[in-house]
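For reference, the chains in residue letters:
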Amino acid sequence: MRDRLNSGPGLVLVIVYGIFALSAGARATVQIATKFDEAPEAYLLSAFAALIYLVATIGLARGGTSGRRLALVCCSVELIGVLVVGTLSIVDKDAFPDDSVWSVYGRGYGFVPLVLPIIGLYWLRRTARPP
């Protein structure tokens, strides 16, 4: 039997996380390869976001106790990252001369980076087995 975590709406979540892993990874790769010296922090943050999305995808797709734990850590780190980087990118624009995936709460990605970890955490809680 499939884990409820990666079936139904959970499968959609796996697909969305996978798409974000690819898009953030591609963006970071191009930025690091072509203009790293312009805004290294922003580009490394985008690469870090891509890594978080990739590991979250793996955790959600894997399911089970270890996959759930992995996804929980990734969604939590992602939410904290989006909130911290989003706030800093508004308060101190000079700190981020170019956007990262999480800048201004993911504005460049339609604010999906802000909403996605909330949905992920909700789904993890909703599909948790009672103790």
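The notes below deal with the structure included here. (Residues numbered from 1 in each chain as written. Predicted model: local features only at pLDDT ≥ 70, side-chain atom pairs only at ≥ 80, totals over all residues. Heavy atoms only, no water.)

1. What to know about the packing of helix H1 (residues 9–35) against helix H2 (residues 40–62)
Here is the rule we go by: Only the contacting stretch of a helix is used when fitting its axis, a line to C-alpha atoms as for every element, and angles between N-to-C directions run 0 to 180 degrees. Each helix corresponds to a stretch of at least 4 residues labelled H or I by DSSP, and each strand to a stretch of at least 2 residues labelled E; elements are numbered beginning at the N terminus. Angle categories: roughly parallel below 35 degrees, roughly antiparallel above 145, roughly perpendicular from 65 to 115, and oblique for all the rest. Crossings are classed by handedness, with left-handed meaning an anticlockwise turn of the near helix from the far one by less than a right angle and right-handed meaning a clockwise turn. Polar here means any residue outside two lists: the nonpolar Ala, Val, Leu, Ile, Met, Phe, Trp, Tyr, Cys and Pro, and the charged Asp, Glu, Lys and Arg; Gly therefore counts as polar.
Here H1 crosses H2 at 155°, and the two axes come no closer than 8 Å. In this view, H1 runs roughly antiparallel relative to H2, as classed from their interaxial angle. As for the relative orientation of H1 and H2, their crossing is left-handed in sense. Considering only residue class, the contact of H1 with H2 consists of 17 nonpolar, 5 polar and 2 charged.

2. Some details on the side chain of Thr127
For clarity, the threshold we go by: Whether two residues are in contact is decided by their heavy atoms: any pair within 4.5 Å suffices.
With respect to the element layout, Thr127 can be found in the segment after helix H4 (112–126). For Thr127, the residues in contact, after removing those within four places along its chain, are Arg4, Leu5 and Arg68.

3. What about the packing of helix H3 (residues 64–91) against H4?
Where H3 meets H4, the closest approach of the two axes is 9 Å, and the angle between their N-to-C directions is 150°. Relative to H4, the element H3 is oriented roughly antiparallel. Crossing of H3 over H4 shows left-handed handedness. For the pair formed by H3 and H4, the contact residues are Arg68, Ala71, Leu72, Cys75, Ser76, Glu78, Leu79, Val82 and Leu83 on the first element and Pro113, Leu114, Leu116, Pro117, Ile118, Gly120, Leu121 and Leu124 on the second. In the contact of H3 with H4, the residues fall into 13 nonpolar, 2 polar and 2 charged.

4. Description of the pattern of salt bridges
Heads up, the rule is: Between Lys or Arg on one side and Asp or Glu on the other, a salt bridge is scored when a side-chain nitrogen of the former is within 4 Å of a carboxyl oxygen of the latter.
According to the stated counting rule, one finds 1 salt bridge in the structure shown. Ionic pairing is found between Asp98 and Lys35, a salt bridge with its closest N-O pair at 3.4 Å. Of this pair, Asp98 sits in the loop between H3 and H4 while Lys35 sits in helix H1, and the two are 63 residues apart along the sequence.

5. Focus on the nonpolar core
Here is the rule: The definition of a nonpolar core used throughout is a set of buried Ala, Val, Leu, Ile, Met, Phe, Trp, Tyr and Cys residues joined through side-chain atoms within 4.5 Å. Under the scheme applied here, a residue whose accessible area is under 20% of the maximum for its type counts as buried, over 50% as exposed, and between as partly exposed, the area being computed with a 1.4 Å probe on protein chains only.
Of all hydrophobic cores here, the largest spans 28 residues; its most connected members are Tyr17, Tyr53, Leu60, Val101 and Trp102. For this core, the secondary-structure elements that each account for two or more residues are H1, H2, H3 and H4. In terms of residue count, H2 provides more of this core than any other element does, 8 residues in total. Aside from chain neighbours lying at most four places away, what touches Val101 is Ala24, Arg27, Ser46, Ala49, Tyr53, Gly106, Tyr109 and Pro113.

6. Overview of the packing of aromatic side chains
Applied cut-off: Here a pair means two rings of Phe, Tyr or Trp (six-membered ring of Trp) with centres within 6.5 Å. Their orientation is stacked below 30 degrees between planes, edge-to-face above 60, and tilted elsewhere.
Applying the stated criterion across every chain yields a total of 4 aromatic pairs. Ring centres of Phe20 and Tyr109 lie 5.6 Å apart, and the angle between their planes is 45°; on these two criteria the pair is classed as tilted. Residue Phe20 is located in helix H1, and its partner Tyr109 is located in the loop between H3 and H4; the two are separated by 89 residues in the primary sequence. For the pair shown, Phe20 and Tyr109 are each scored as buried. Among the aromatic residues, those joined into a ring-pair cluster are Tyr17, Phe20, Tyr53 and Tyr109.

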